[in-house]
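Understanding the architecture of this molecule
Take a look at the letters that make up each chain.
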Amino acid sequence: MLVLGIETSCDETATALYDSERGLLAHEVYSQLELHAEYGGVVPELASRDHIRKISPLIRQVIEKTKLALTDVDGIAYTAGPGLLGALLVGTTVGRSMAFALEKPAIAVHHMEGHLLAPMLDPNPPEFPFVALLVSGGHTQLIRVQGIGQYELLGESVDDAAGEAFDKTAKMLGLPYPGGPALAELAKQGNPQRFTFPRPMTDRPGLDFSFSGLKTFALYTLRDHGDDAQTKADIAYAFEHAVVETMFIKCRRAMEQTGLTTLIMAGGVSANQRLRARLDEFAKQKGYQVHYPQNEFCTDNAAMIAYAGCQRLMAGQHEGLEFASRARWPLEELPAI
Ligand code: KG4
Ligand code: ZN
């Protein structure tokens, strides 16, 4: 089955062609980074308008790259939520309308299910069941995954998402948006001995996270120790280290609690090298399997959407003629396949 995937939930416009037999055939991502950079964050209305400009050319590009025709497509998968409503509506409307015109089935994909299944695009994919740590700009969740659509939320952030905390702290340090990768780069110059940041919510039971306190801690440290270049690098190091240690402690707890032996991490923050290194070390020590998406599939892309949609379409699921986008959408509401 050949599936066209469409992703427009935030500030990346992306398309992909995934085939159930041949795997990923092509994918394109256009990042709106420059458009939003001067505002220090995503401006929803600008994002929606830019998706409208880019979506058709990007669909044409994946079709041309593979030398296939639109009529070869067996189904269309579009991100229907969660995300920015106006941005989601672009992909939803285009995807649903194209499916109608081509007389093919359409499937609404949950963006976080896309992230969660991104490691499946790997030549050596993880096997169910596993624990998933989803860490993106909008979500931080630990999930027990029995199979596709069989998700049990074990814990989540009670305030800022991990990526959001990275971005806000980076902004404070004068780094450009999105700050996560820039902060990680600056942290390499940091002195590990200078500051110790707290590990939020690790001193009590449970698998929830809280990152907004770390951001405030960074602000006070900056205020009290001056804002020279070395101090900023030292704060970046201490912040990243605290996030990494907190995630590691919660992952260890989730593995112990579930008794599972496979851990996957996905979402934009899963590109973080220090976090990967820490989880690799932990997995090696315990004899666990740990999987991450390939780098290009950590941040937003349509390959993961086409993959997730393909699994659901193959299981016979599809949408009716009506369509909707959802800014909020609990992952646990998804049907199993
Ligand atoms: O999954 P994603 O592309 O978009 C959402 O669905 O939110 O995640 C984007 C987030 C941003 O907050 C970005 O700063 C963060 O992922 N990010 C990183 C790194 N690369 C991206 N955070 C820390 N270290 C990185 N290397
Ligand atoms: Zn995402």
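To keep things clear, this report deals only with the structure shown in the data block. (Residues numbered from 1 in each chain as written. Chains lettered and ligands numbered in written order. Predicted model: local features only at pLDDT ≥ 70, side-chain atom pairs only at ≥ 80, totals over all residues. Heavy atoms only, no water.)

This brings us to the site of ligand 1. As a matter of local geometry, ligand 1 sits amid 17 residues, with Gly 137, Asp 167, Gly 268, Asn 272 and Asp 300 nearest to it. One nitrogen or oxygen atom from the side chain of His 111 is found 3.1 Å from an oxygen atom belonging to ligand 1. A distance of 3.1 Å is found between an oxygen atom of ligand 1 and a backbone nitrogen or oxygen belonging to Gly 180. For the shell around ligand 1, the secondary-structure elements that each account for two or more residues are helix H4 (111–117), helix H5 (162–172) and helix H6 (179–187). A class-by-class count of the residues in the shell around ligand 1 yields 4 nonpolar, 11 polar and 2 charged. (Near = heavy atom within 4 Å. Polar contact = N/O pair within 3.5 Å; in protein donor to acceptor, adjacent residues only side chain to side chain. Helix = DSSP H or I, 4+ residues; strand = E, 2+ residues; numbered from the N terminus. Nonpolar A, V, L, I, M, F, W, Y, C, P; charged D, E, K, R; others polar.)

Right, let's talk about the coordination of the zinc ion (ligand 2) for a bit. On the protein side, the zinc ion (ligand 2) has His 111 (NE2), His 115 (NE2) and Asp 300 (OD) as donor atoms, found 2.0 to 2.1 Å from it. Relative to the metal, the 4 donor atoms surrounding the zinc ion (ligand 2) lie at angles of 95 to 135°, and the coordination shape comes out irregular. Read from N- to C-terminus, the donor residues coordinating the zinc ion (ligand 2) fall into the pattern H-x3-H-x184-D. With a gap of 189 residues between them, His 111 in helix H4 and Asp 300 in the loop between strand E10 (289–291) and helix H10 (303–314) connect regions that are remote in the sequence. Here His 111 matches Asp 300 in class, with each residue buried. (Donors = N, O, S within 2.8 Å, 3.2 Å for Na, K, Ca; no water. Tetrahedral: all angles 85-135°; square planar, octahedral: opposite > 155°, others 65-115°. Buried < 20%, exposed > 50% of the residue type's maximum accessible area, 1.4 Å probe, protein only.)

Before going further, it helps to spend a moment on the state of the cysteines. Scanning the model with the defined rule gives 0 disulfides in all. Residue Cys 251 stays outside any disulfide, its sulfur separated by 14 Å from that of Cys 298, the closest cysteine. (Disulfide = S-S within 2.5 Å.)

As summarised here, the arrangement of the 5 strands in space is E3-E2-E1-E4-E5, forming an open sheet in which the pairing is mixed. Bordering the open sheet on either side are strand E3 (23–31) and strand E5 (106–110), each of which pairs with just one other strand. Across the sheet, the axes of successive neighbouring strands diverge by a mean angle of 20°, strand direction being ignored. In terms of strand pairing, strand E1 (residues 2–7) meets strand E2 (residues 12–19) through 6 bridges, oriented antiparallel. From the neighbouring strand, Val 3 faces E2, where its bridge partner is Tyr 18. (Pairing = 2+ DSSP bridges. Axes fitted to C-alpha atoms, helices over the stretch in contact; angles between N-to-C directions.)

None of the figures reported here should be taken as evidence of function without further support.
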